[in-house]
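# Secondary and tertiary structure notes
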Amino acid sequence: MPTIRLTDRALLTVQGPDAEHFLQNIVTADLDRLEQGVAGPCALLTPQGKILFDFLISRMAGGFRLDCRTDIAGDLRKRLMLYRLRAKVEIGESEQPLVAARWDSDSSISSTESTALQVLRDGRFPEPANVSRIYGAAAATEDAEAYAQLRVRHGIAESGSDYALGDAFPHDVLLDQMGGVGFRKGCYIGQEVVSRMQHRGTARRRVLIVSSERPLPPAGTEVTA
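Read on for an overview of the structure. Since the structure is predicted, the reported quantities are computational estimates derived from the model, not experimental observations.

## Examining the state of the cysteines
Counting across every chain of the model gives zero disulfides. In this model Cys68 remains outside any disulfide bridge; the closest cysteine sulfur is found in Cys42, 12 Å from its own. Judged by relative accessible area, Cys68 falls into the buried class, the value being 0%. Among the cysteines around Cys187, which has no disulfide bond, Cys42 carries the closest sulfur, lying 16 Å off.

Shown next as structure tokens:
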């Protein structure tokens, strides 16, 4: 049951009577389909349809939790505040975010952990992989490289390490295939471009899993065959 602490993650909270309506109108995921106990992939786009911020979103008491990179958390909060207008929501940031990932388990927690931890299924991975997101002081058993290898095996891309924010459409990093884009909900920022790409089948880039008998070339190398 490998567990790693993700020290590069921050947690934002969006709470209040208008929290779901507010987020539903600006983010890519369809929150009507977001189940309890799941941390689902999501993004906030530019008007041109490119990913401005990527994060995991999950339900919590009174609203939603946004699990994002630490270095973009402040900017993401500012952007959400910009869109808030008169919505009755409070947007905050956890002062001591404790985030971990666990896999190859039944996602259960012991009685000593249960009062301190929240364990949610990571909706980006196929269910048989049993990958969980843990919020709380979980004990680490592996280093970050093990988690990076897990993501690579399943083709799960994250901004920063795998692509640059502002440079990728949701289709480029498979958000559409992981349930991170709602194609049947109403409008949201960048929706027109993403919807057109979906219905016309014009996605030009995709994440693919590649293996080689020899070391792969550096990122950015042109593929000619």
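Still more to cover.
## Side note on a nonpolar patch on the surface
A cluster of nonpolar side chains, Leu208, Val210 and Leu216, forms an exposed patch at the surface whose accessible area comes to about 340 Å². Within the element layout of this structure, Leu208 appears in the segment after helix 5 (191-200).

## Here we look at the environment of Thr7
Mapped onto the elements, Thr7 comes out in the loop between strand 1 (3-5) and strand 2 (9-15). Expressed as a C-alpha distance, the spacing of Thr7 and Ala148, which sit 141 residues apart in the sequence, is 13 Å.

Cut-off values and rules
- Residues numbered from 1 in each chain as written.
- Predicted model: local features only at pLDDT ≥ 70, side-chain atom pairs only at ≥ 80, totals over all residues.
- Heavy atoms only, no water.
- Disulfide = S-S within 2.5 Å.
- Buried < 20%, exposed > 50% of the residue type's maximum accessible area, 1.4 Å probe, protein only.
- Patch = residues over 30% accessible without salt bridge, like charges linked within 9 Å, V, L, I, M, F, W, Y side chains within 5 Å.
- Areas by Shrake-Rupley, 256 points an atom, 1.4 Å probe, with all protein chains shown as cover.
- Salt bridge = Lys/Arg side-chain N within 4 Å of Asp/Glu carboxyl O.
- Helix = DSSP H or I, 4+ residues; strand = E, 2+ residues; numbered from the N terminus.

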